[in-house]
Structures are given as C-alpha cells and as structure tokens.
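Close look at the chain arrangement
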Amino acid sequence: MPPESIRADVDADATGSDPSRRLHAGTVSGRPGSRTSGGMHLRWARITKTVEIRESSAGLLRGSIAGGTEAAAAAAAAARGPSPPSPGTTPDKKDDDVVIVGDVEGGGGVVAPGTAGPANRTKTILDGVSGSARPGEVLALMGPSGSGKTSVLDVLSGRSSHDGSGTITLDSEVVTDRLMKKMKKRVAYVKQDDIFFGHLTVRDQLTYTALLRLPSDWQRTRKVAEVDRTIRRLRLGKCADTTINMISGGEKKRVNIGSELLTDPAIILLDEPTSGLDSTSAVALMRILYDLARDEGKTIITSIHQPSSAVFFAFDRLMLLADGHVVYFGTPRGSLEHVKGLGLECPEGYNAADHHMDLLVVDGAIDDDYEEDDDDDDDDGGKRALRRRTTGGGTTTKRKLIDSWDAEAFAGRIEDEDVAERAKCDASPGDDGGGGGGMLRRGLSRRQSVVFSEKSFNTTWWTQYTVLVHRSMKNSRSAIFTMLNFVKAGAIGFMCGLLWFQMPYTESTVFDRSSYYFFTMTFWVFDAMFTAYMTFPLERAIIFKERSSGAYHLSAYFMAKTTSEAPARLTLPSIYMLISYWMGGLNNNFGIFLASTLCSLLSVLAGESIGLFLGAAVLDMEKGMVVMTVASLGLMVVGGFFVRTLPSWMVWLGYISPFKYSYNSSVQLVFDRPVPCDGSKLLSSCQGGAVGSASVAEVLDFLGVQYSAGLNAALLFVMFVVIRVMAFFALKRKKADERM
Ligand SMILES: Nc1ncnc2c1ncn2[C@@H]1O[C@H](COP(=O)(O)OP(=O)(O)OP(=O)(O)O)[C@@H](O)[C@H]1O
C-alpha cells in the first residue's frame, strides 16, 4: 500500500463496522477531575541501528539469523543450541542469539546476518525505520521473532540509542540526546519480563512506586489514593493484597503496566504485553490499553506476536517489521489490501495476523527441508501452509514485502507531517509562549523548556532512601527471616553447642576453643558472602528498570540496601552465637560473649561487603559463583590457619582476609586469663604436668594469633567500609553497560 493512503485508511477504518470494535467498548472507571495528561505525537523517520556482534570466549561469534542470507540463516539455525539463561539472571534475548560457528576472523565461518561478509562484525538491526504514533491511538508493532520490535521500542523509549542518521520528534520537536534523557520520565516502557520483588504484595509494589516516583509535594494520602485508583483501573482489586509471587501472569502484566501508569506518562510503550496470556486475558489486557488511549488520550505503542483476529483488527495502526525493515504501516485492514495487491491474499477465514506472520517468517533450515521433501506423499496442510511462503523465482515473500515498501517515500511523508505541524505551531501566536517565529530557531522550545525544567528526580534523596529502606526491609524480612533460616541458625547453634559442650578452661581445650571460632567465622562469613553475592545479580533488572525511569539515585538504593539488610543478616548469627556460646561454655564472662559476638558480626558485615562487591563487579551469576568460590576459599586459606608462613608474594593476601581478623579478635577475647595446665603437656609452660598455668601471651603465640582484639576488630570495620564503597562504585560502573 502506498504510504499516501495511510491516513485515509485510518479514518476509514475508524468508522468501519468491524466486529473487533467490541474491544473498544470496554469501560474504565471515569476520571473526573483526574490529573491525567494526554499523550504526545511521536514520530520517527529513518531510524537505523547497528550493533557490534560480540565474540564469545570460545571463539564463537554471537549473532542472529534475522536479516541474514538464507545460507547464513540455515547454518546458523543448524548451529543453534539450547542456551539456558544463567541462574538468577533475567532472561535476556540478547543472550539467546544464535551462535555462528566457525573462525570468523579467518573468514571460514558463517556470515554475520545483515552484514557484508564473514569478517564483518556489525549487524544492522534496524534499517531506515519510520513511523508515527498519535495520542488516543494504539499502534501495534508486529513481525517475527528477531524482526526488530523490541529494538524499535528501546530506541523510542530512549533506553537505547540509534545510529544518529534518523530523527525522532515529539509533538514535532526534534528529540535530542539531552531531551531524550529527560523524556524518559514521560515515556513509560513496560518490558517483556515482569520484574518485581516477589515477596511484596501488589499494593506494596504500587505504593512504593508511587512514593518513589510521584512528586514530593504530594501528600502521602494523595499518593495512596492514586494507587487505589490504579488498582481499580487495572482491575487488580482481587489480588491487591496477594504477594506478587502468587498472582497470575496476566495480573503480573497488569501490575507492570500499573507501576508505569502511576506517573501519568504521555506515551506508553509495551513489549509483548500479551505474551504468555490466554486469549481471554490477552483481550482483557488489550481492552485496558484501548481504554487508556480512548479515555485518557495516551499514545500507546505495543509490540505483539500473533494477536487473535479481534485484537488485530482493533489496532488503530499497524507496523509490520521484517529483518529490521518496515514492510507495512497503516491500518490493519489496509495491511490485507497491501498484501493482496502483491498477490499474497489472505485465505478466507484465515487469521490475518497469522497470514502476515506466514509471509514474513522464513527459516532457511525449514525451507530447505521442505524443498527436499517435495515429493513426499505424506505432505500435510501445515507443510503446504509453510511452503506458501515461497513465491516464484526463489524470492521469499519476506524479500518481496521488504522491497515493495517504499521506505524512502514513507519517511519523507513522516518528515513532511512534522514540518507542517511545526509551521502551524510557529504561525499560531501565543502557542509557544508568544510570538511564534520558529520554536527550533529560537533554540529551546516551549515543549523542551517544560521538559527540561523538570527535575531529574521527583523525590529527594532522603525520601528515596527511607522508602527504599522500608521496601528492602519488607522484602528481606520475608526472604531472610524465614522459618527455614531460623531453624538453620538454631540447629547449627545447638549442634555446635553439643559438640563443644561445656569445655573446661584448661590447656587441653585450647585448640577446641580456637577451633570453635574458626568454624563460627568460616560458616557465617561464607554464608554472608554467598547470600550477599546474590543481591545485585538478582536485583539488577529491577534496579536498572527503576533507575532508567528516573525513580531514584543509585546511592539512595545502595545505602538503603546496606542498612536495611544488616539487621536481618545479623540476627541469624546472633541466634547461633547465643545458643552455641553458652552451651559450649566458651567463657562465662557476659562482656566477653558480647564482644566476641560483635567481632563475629563485624566479620559477617565484612564478608557481606566482599559478596556485594563481587556481585556488583561480576553480575553474571555463573561466572560470579566461580569467582566467589575462588575468592572465599583463597581468603580463608591465606588466613594463616593452615599455613603459618605464607610465601612472601602472598603475604599481602593475608591482610585482606576477614577470616583472619575475625578469628584473631575472638580468640584474643576468649583467652582472658592464664590457662591452667592439666597434664596434656601441650603448652611449653605445662611440660611439668598438671601444675601451674600458661600465660595468655603464650597461648596466643601458640595459636599464631596476632594484634590486639581491638585492632583486629578495627581492621574488620575498615574492611567492611572500604569494600562496601568499592561495591558501590563497581555497581555504578556497571549501570551504563546494563541499561543498554
Ligand atoms: N545488542 C545486540 N547485539 C546483537 N544483536 C542484537 C542486539 N540487540 C538486538 N539484536 C538482534 O537484533 C534483532 C532484533 O532483535 P529484537 O529484540 O528487536 O527482535 P524482536 O522482534 O523484538 O524479537 P522477539 O519477538 O523475539 O522479542 C535480533 O536478531 C537480535 O538478536
């Protein structure tokens, strides 16, 4: 369909008698006097995006079959293997890329898709993409997997940059990098994955979001009222007080949308909001989106895989993508006319969306199989449907569709619309603050100044910190204060108590006393290191998502995390100490119990810092676990328990071992008086039998303990602080990489 007919088509469709219009009939609670602002007209022209293809450590090249030659696609598909996500990481489609086999440098491998040759390491994932989305309308992006839907949304949302050759305009204002950064707050982006703290209820999730993101001059009651309204609007009443872990997929999607809606965005971008939903839930969700567009004038852009007929025809506009190219933009009904004009008519009664996908999905490997199977008598309808995708002369329908869409003319049309609208705006006095005269020529436009005048954050650092502490405590309370963890601390404490039960304070138990502390600090420091390690890799998706929408400062999050988890993290070792210390009869002085418990807790905090640092530095769980294991065992080995004299080049490692300081300080404390000899002739002063005693200094020397208890505790504290600061900077450095 020629681009010129797009608007006519939209208008015609809007008055049509399509049965799918029932989707628009849904009602949403009225919004009299609501604070809702309408949408904005978003246009984009000639957007191109090229990415570097990363080489894996095994010398393989990661790429995708999309956009590649059929041969490349076939070989790449053949090479495709299961690629499970790393445990605990958010599945990332970028990591699911097909592995292209071969020595690419040597030119012997498979051609990187969309590129000129085997040695080329870049790939064009968006190629001159143009389109527009208006307030009050729902634009759907459709196309096969890998066609570029998410990439378009990433670019439009400002979460990812494009190559700079194209333009994006917002109400006809060119969106510069700076404006794009600010614009993110007016653009809600609901990603494909539902990422939340699972232990929070739906209401908690929305309330924390409201407290973090709604303006600080709003009263708390107003924010809570907004949460209630969002719950009603998204029909989440039934599950409002259920934890997110327990709600259904459709409800999760709605919570995700609700979290974004709270900030009253002008533009809402959604990446496959209906994926994983049954058709009824998908229709219900789409109805909510239509209500938002119709009733509140929002601009909505959603990618969608294979919608039902009702959903398909209800879209206001449709953008079909293949291999990063637009192959159609216009009304859904117009899309059928367009393909019919190319001799690819949708069969009677066949789902239009399925028909488009059939035309666009081409998998070289599958097609080759069918070529070979040509004489197969057992051919069935499915195969025939697939073969339908190949037209005469070996040209795929996909190629035909790409070639027949005049992307250049379409981009020109989008740009003309922009120019016309801008001229209209310039000509209307007062509209831009007085006098017209060219918004762009005057530098900062009215729209831009409105956006720029917005503060980077809606709330103060302190508000962010307190809200995040509250949220984190609530979440970690549920995650750490579990019955299982209490049983673990209690049972291990009791077991140790039995093992070291009521040791007499004599020469023969010198080793047993010190080994109690060796075990205690090994166990709890390891525990702290490994559990803290998980923190950032598990929460990274949430942090980056929330940060990319300007919810809070990273420092507020980090400080909140540090302070809120400490009580939970320290309670369990305290329970252990309370049970095992008194059962074991380590030292009946209560002050020494308190001091040695404090030293153990300091070592837990130092261990936690190491875990946080490694978790921030190595967000990939698989690699991180290896680094953690090596680091923790290494630090323990160099603590001086196994090898008294370390090789000179390793001595420095001993100074960064929390195990060493924790052990030293506690052992210093517990041997607070001379140790009576009991005939075991362990210590040199006791060689005469069960008479006399060994001095504290001799015992400590015998055990290889260095420095005073105070100095050891102080060094633990320094480790705890310094490594924690390092963890913050490691996380800060990661931020840019991970946001994409
Ligand atoms: N950073 C990247 N590095 C390499 N390839 C990338 C990168 N980002 C996207 N791609 C590739 O670009 C193509 C388009 O990806 P995109 O995620 O936009 O597709 P999609 O249409 O949203 O797919 P799906 O429907 O499966 O979500 C894919 O082939 C993908 O592998």
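As annotated in an unreviewed UniProt entry, the chain is ABC transporter domain-containing protein from Stephanodiscus triporus. Taken from UniProt, the Subcellular location (unreviewed entry) comment for the chain reads in full: "Membrane".

Moving on to the overall build of the chain. A tally of helices and strands in the chain yields 26 helices and 14 strands. Here the chain holds 740 residues, and the buried ones make up 54% of them. The long-range share in the chain, meaning contacts at least 24 apart out of those at least 6 apart in sequence, stands at 77%. Element-wise, carbon and sulfur atoms account for 59% of the exposed surface of the chain, whose accessible area totals about 31,000 Å².

Attention shifts here to the sheet that holds strand β4 (residues 122–133). The antiparallel open sheet is built from four strands, whose spatial order is β4-β1-β6-β7. Every interior strand has two partners, whereas the edge strands, β4 and β7 (173–174), have only one. Relative to β7, strand β6 (residues 167–170) runs antiparallel, the two sharing two bridges. When the bridges of β7 are listed, T169 appears paired with V174. Of the strands in this sheet, β1 (42–52), β4 and β6 are in contact with helix α3 (residues 149–156), which crosses β4 at around 65°.

Quick look at the side chain of N664 now. Position of N664 among the secondary structure elements: in helix α24 (residues 658–670). Beyond its immediate chain neighbours, meaning those up to four positions away, N664 contacts V705, Q706 and N712.

Quick look at unusual backbone geometry now. Phi is positive for D171, which is not a glycine, with a value near 45°. In this structure, Y707 is a non-glycine residue whose phi angle is positive, near 60°. As for its position among the elements, Y707 is in the loop between α25 (696–703) and α26 (709–739).

A separate point is the nonpolar core. Across soluble globular proteins, nonpolar side chains have a tendency to be buried as a group. Membership of the largest hydrophobic core comes to 93 residues, with the highest contact counts inside it found for W44, V129, I168, I301, F315 and M319. Per element, the largest residue contribution to this core is nine residues, and it comes from helix α8 (residues 279–296). When residues no more than four places from it in sequence are discounted, the contact partners of I168 are L42, R43, W44, I47, V155, L156, H162, E173, V174, V175 and M180. Core analysis: the second largest hydrophobic core is formed by 58 residues, I592, C599, V675 and A709 among them.

What follows deals with helix α21 (residues 590–617). Note that an α-helix has 3.6 residues per turn; residues three or four places apart therefore point the same way. For α21, spanning 28 residues, the distance from its first C-alpha to its last is 40 Å, which sits close to the expected 40 Å at 1.5 Å a residue. For α21, the tally of buried residues reaches 21 of 28 residues, placing the bulk of the element in the interior.

Another aspect to go through is the state of the cysteines. One pass over the structure, following the stated rule, counts one disulfide. Paired through a disulfide, C677 and C686 show a sulfur-sulfur distance of 1.9 Å. An S-S torsion of about -70° defines the bridge between C677 and C686 as left-handed. On the basis of relative accessibility, which here comes to 7%, the residue C677 falls in the buried class. On the basis of relative accessibility, which here comes to 0%, the residue C686 falls in the buried class.

We now examine the pairing of strand β12 (residues 325–330). Regular strands have side chains that alternate between both faces of the sheet. Counting buried positions along β12 yields six of six residues, so the element is predominantly enclosed. Bridging between strand β11 (residues 317–322) and β12 involves five bridges; their strand directions are antiparallel. In the strand pairing of β12, A322 is matched with H325. In this structure, the hairpin formed by β11 and β12 is closed by a connection of two residues, where D323 is found at a positive phi of approximately 50°.

Here we come to the packing of helix α20 (residues 554–584) against α21. The description of two helices packed together rests on the angle between their axes and the distance between the axes. Packing of α20 against α21 leaves a shortest axis separation of 10 Å and a crossing angle of 140°. On the basis of the axis angle, α20 is oblique to α21. Seen from above, α20 lies across α21 with right-handed handedness. For the pair formed by α20 and α21, the contact residues are E565, A566, R569, L570, P573, S574, M577, L578, Y581 and W582 on the first element and F590, I592, F593, S596, T597, S600, L601, V604, L605 and E608 on the second. Taken together, the residues of the contact of α20 with α21 break down into 13 nonpolar, four polar and three charged.

What follows covers the pattern of salt bridges. The final tally for this structure, using the stated rule, is 25 salt bridges. Its salt-bridge partner being R233, residue E296 comes within 2.5 Å of it at the nearest N-O pair. Here E296 is found in helix α8, whereas its partner R233 is found in helix α6 (residues 220–233), with 63 residues between them in sequence. Ionic pairing is found between K561 and E565, a salt bridge with its closest N-O pair at 2.9 Å. Here E565 and K561 lie together in helix α20, a separation of four residues that amounts to about one turn. Judged by its relative accessible area of 7%, K561 is buried. You can call E565 buried: its relative accessible area is 8%. It is possible to trace a salt-bridge network through shared partners that takes in E539, K561, E565, R569, E608 and R724.

Turning to the confidence of the model for the chain, a few remarks are in order. Of the residues in the chain, 75% reach a pLDDT of 70 or more, and the chain-wide mean stands at 76. When pLDDT is averaged over each element of the chain, strand β5 (residues 138–142) comes out on top at 94 and strand β3 (residues 98–100) at the bottom at 35. Under a pLDDT of 50 for its full length, residues 388–395 has, in the predicted model, 20 contacts with residues more than four places off or in other chains. The low-confidence segment residues 431–453 (pLDDT under 50) makes 42 contacts with residues lying over four places distant or belonging to another chain.

In this fold, R569 is placed in helix α20. Note on R569: relative accessible area 8%, which makes it buried.

Most of strand β10 (residues 299–304) is tucked away: six of the six residues are buried. In β10, alternate side chains face the same way, and those of T299, I301 and S303 on one face and I300, T302 and I304 on the other are all buried. Across five bridges, β5 lies against β10 in parallel orientation. Pairing of L139 across the sheet is with I301, part of β10. With five bridges connecting them, strand β9 (residues 267–271) and β10 associate as parallel partners. If you follow I267 over to β10, its bridge partner there is T299. With α8 bridging β9 and its parallel neighbour β10, the resulting β-α-β unit is right-handed.

What follows deals with the UniProt feature "transmembrane region" (unreviewed entry) in the chain. When the UniProt feature table is mapped onto this chain numbering, "transmembrane region" (unreviewed entry) sits at residues 480–503, 515–536, 590–614, 626–643 and 709–731. End C-alpha atoms of residues 590–614 are separated by 36 Å, and the span's content is 100% helix alongside 0% strand.

Bringing a nonpolar patch on the surface into the picture now. A cluster of nonpolar side chains, contributed by V651, W652, Y655, I656, Y707 and L711, occupies part of the molecular surface with about 560 Å² of accessible area. You can see V651 is positioned in helix α23 (residues 651–654).

Cut-offs applied
- Residues numbered from 1 in each chain as written.
- Predicted model: local features only at pLDDT ≥ 70, side-chain atom pairs only at ≥ 80, totals over all residues.
- Heavy atoms only, no water.
- UniProt positions renumbered as here; feature names shortened; annotations may be inferred.
- Helix = DSSP H or I, 4+ residues; strand = E, 2+ residues; numbered from the N terminus.
- Buried < 20%, exposed > 50% of the residue type's maximum accessible area, 1.4 Å probe, protein only.
- Contact = heavy atoms within 4.5 Å.
- Areas by Shrake-Rupley, 256 points an atom, 1.4 Å probe, with all protein chains shown as cover.
- Pairing = 2+ DSSP bridges.
- Axes fitted to C-alpha atoms, helices over the stretch in contact; angles between N-to-C directions.
- Core = buried A, V, L, I, M, F, W, Y, C linked by side-chain atoms within 4.5 Å.
- Expected span 1.5 Å × (residues − 1).
- Disulfide = S-S within 2.5 Å.
- Parallel < 35°, antiparallel > 145°, perpendicular 65-115°, else oblique.
- Left-handed = near helix turned anticlockwise from the far one by under 90°.
- Nonpolar A, V, L, I, M, F, W, Y, C, P; charged D, E, K, R; others polar.
- Salt bridge = Lys/Arg side-chain N within 4 Å of Asp/Glu carboxyl O.
- pLDDT = per-residue confidence, 0-100.
- Right-handed = clockwise from strand over helix to strand, strands pointing away.
- Patch = residues over 30% accessible without salt bridge, like charges linked within 9 Å, V, L, I, M, F, W, Y side chains within 5 Å.

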